Amino acid sequence: MNLDGNKASITEAIDAGLLAGAVTLVWKSGEILQVNELGYRDVDARLPMQRDTLFRIASMTKPVTVAAAMTLVDEGKLALSDPVVKWLPELSDMRVLLDRHGPLDQTEPAARPITFDDLMTHRSGLAYVFSVLGPLGFAYGKISMRQDQDRWLAEVAELPLAHQPGERVTYSHSTDVLGIALSRIEGKPLSQVLAERIFEPLGMADTGFHVGPNGRRRAATMYKLDSDNVLRHDVMGPAPIADPPFCMGGAGLWSTVDDYLKFVRMLLGGGTVDGVRVLSEESVRLMRTDRLTTEQKRHNFLGAPFWVGRGFGLNLSVVTDPSQSRQLFGPGGLGTFSWPGAYGTWWQADPSADLILLYLIQNHPDMGVDSAAAVSGNTSLAKLQSAQPKFVRRTYRALDL
């Protein structure tokens, strides 16, 4: 077995000036088989990517927040079917758009309250600025994330829902709202909830909503390809040394490849890792089990046929038909689960092979409605986008899976 070939596509993107660097990891059956440290975390300073480099993991935050919520389910503090208004009264008496792309004043009452299950599966009717078109998307774009969680939620609650709760999947701020609920239930900041329930039990010492003064030296710079396919580094500020006013349960964490591996190993291991139980087997089963209806899978997700051979658990995509999923999303056996981050961070766990793959980069994407067309018409951008799937396919091939 020789895994060296799996880094070729990544190295090609780095050598072409399309990617600053990457850290990847292959774990199988209790053993780390490979860690690749490629390129630079800071190109100008010539600081190399290292195994302990800190990354903004964006939406890879979501499964962590959901896992913390499921520890409360295990303790009987909440149930998936519970309406969230008990802790989030701002979401009482919600209105729903008659046309998800239409005027904000043409609404009807919500047929039922939003539940925790709705938040964990993005079936709440909430949205992101990039997941809905028209006036609702524009309205989300006007809400500042640089305020405390209570003021932010009050502004979100003034907007109508994109659809009835439970009706369909719309990628959204649902997990940010879930994080606020956890904070209120526990009576402490979300950062403390996640630390006590996930990070400390798993020994994830490098994961949190800030990196601290020392961690800033290890933080990867965020890059973006400009219109001339040149990497720009002025797209985000420096890594935070203290928690922000609003710790976003859907997108705000920093982590390392080894820290996030511990979290994924816990999910793959039925709630335990290295003898430490964090979640019950039943909670992990719920997270890793498809909860979508056949009708819900007919709707495109973020403009793409995301559910071909796949379903959705509690903020985890789940492979339900490997032969169909492989054609669009690459190899992964039945029950393979994952959830990526917007800045190119990605992972998947394959129970059929007892395999975990992680791929961490810092690439600021084009989140506009024309992003897919930009990829298909730009060979340089396509080369960057193909680096990760080629890494996955070559790893499976080298492992003879």
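Residues numbered from 1 in each chain as written. Predicted model: local features only at pLDDT ≥ 70, side-chain atom pairs only at ≥ 80, totals over all residues. Heavy atoms only, no water.

Caption draft 1: Expanded view of the overall build of the protein chain. Within the protein chain one finds 13 helices and 16 strands. Its C-alpha atoms give the protein chain a radius of gyration of 20 Å, near enough to 21 Å, the size a compact globule of 401 residues would have. Long-range contacts, defined here as pairs at least 24 residues apart, represent 68% of the contacts in the protein chain between residues at least 6 apart. As displayed, the protein chain offers around 16600 Å² of accessible surface, 50% of which is attributable to carbon and sulfur atoms. Averaging the coordinates of the 40 positive side-chain charges in the protein chain and doing the same for the 45 negative ones gives two points 3 Å apart. (Helix = DSSP H or I, 4+ residues; strand = E, 2+ residues; numbered from the N terminus. Rg over C-alpha atoms; globule rule 2.2 N^0.38 Å. Contact = heavy atoms within 4.5 Å. Areas by Shrake-Rupley, 256 points an atom, 1.4 Å probe, with all protein chains shown as cover. Lys, Arg positive; Asp, Glu negative; His and termini not counted. Charge placed at Lys NZ, Arg CZ, Asp CG, Glu CD.)

Caption draft 2: Structural detail: the sheet that holds strand β14 (residues 337-338). The strand order across the open sheet formed by eight strands is β3-β2-β1-β16-β15-β14-β13-β12, and the pairing between neighbours is antiparallel. What marks the edges here is a single partner per strand, and that holds for β3 (47-48) and β12 (310-312). Bridge count between β14 and strand β15 (residues 346-350): two bridges; the pairing is antiparallel. In the sheet register, Phe-337 faces β15, and the bridge partner there is Ala-349. Against the sheet, helix α9 (residues 257-268) touches β1 (21-28), β2 (31-42), β14, β15 and β16 (355-360), its axis set at about 150° to β16. (Pairing = 2+ DSSP bridges. Axes fitted to C-alpha atoms, helices over the stretch in contact; angles between N-to-C directions.)

Caption draft 3: Representation of the packing of aromatic side chains in the model. The final tally for this structure, using the stated rule, is 18 aromatic pairs. The interplanar angle of 55° and the centroid separation of 5.1 Å between the aromatic rings of Phe-301 and Phe-306 together place this pair among those described as tilted. Grouping residues by exposure puts Phe-301 and Phe-306 together as buried. Taken together, a centroid distance of 5.2 Å and an interplanar angle of 55° make the contact between Phe-312 and Trp-339 tilted. Residue Phe-312 is located in strand β12, and its partner Trp-339 is located in the loop between β14 and β15; the two are separated by 27 residues in the primary sequence. Of the two residues, Phe-312 and Trp-339, both sit in the buried class. Arg-310 extends its terminal NZ or CZ atom over the ring of Phe-306, reaching a point 4.1 Å from the ring centre. Stacked on the ring of Phe-329, the Lys or Arg Arg-310 has its end atom at 3.5 Å from the ring centre. (Phe/Tyr/Trp six-rings, centres within 6.5 Å; stacked < 30°, edge-to-face > 60°. Buried < 20%, exposed > 50% of the residue type's maximum accessible area, 1.4 Å probe, protein only. Lys NZ or Arg CZ within 6 Å of the ring centre and 35° of its normal.)

Caption draft 4: Quick look at empty space enclosed by the protein. Under the counting rule described, the total for this entry stands at one cavity of 30 Å³ or more. Of the volumes computed, that of the largest cavity is approximately 30 Å³. Every residue lining the largest cavity is listed: Leu-19, Ala-20, Gly-21, Tyr-40, Arg-41, Met-49, Ala-220, Thr-221, Tyr-223 and Gln-362. (1 Å grid on protein atoms, 1.4 Å probe; cavity = no way out; pocket = protein on both sides within 12 Å on 5 of 7 lines; lining within 4 Å. Points joined across faces, edges and corners; volume = space filled by probe spheres on them.)

Caption draft 5: Representation of the layout of surface pockets within the structure. In this structure, the second largest pocket encloses a volume near 250 Å³. Along the wall of the second largest pocket there are 18 residues; nearest its centre are Asp-42, Ala-219, Ala-220, Thr-221 and Pro-238. For the lining of the second largest pocket, a count of residues per class yields nine nonpolar, three polar and six charged. (Nonpolar A, V, L, I, M, F, W, Y, C, P; charged D, E, K, R; others polar.)

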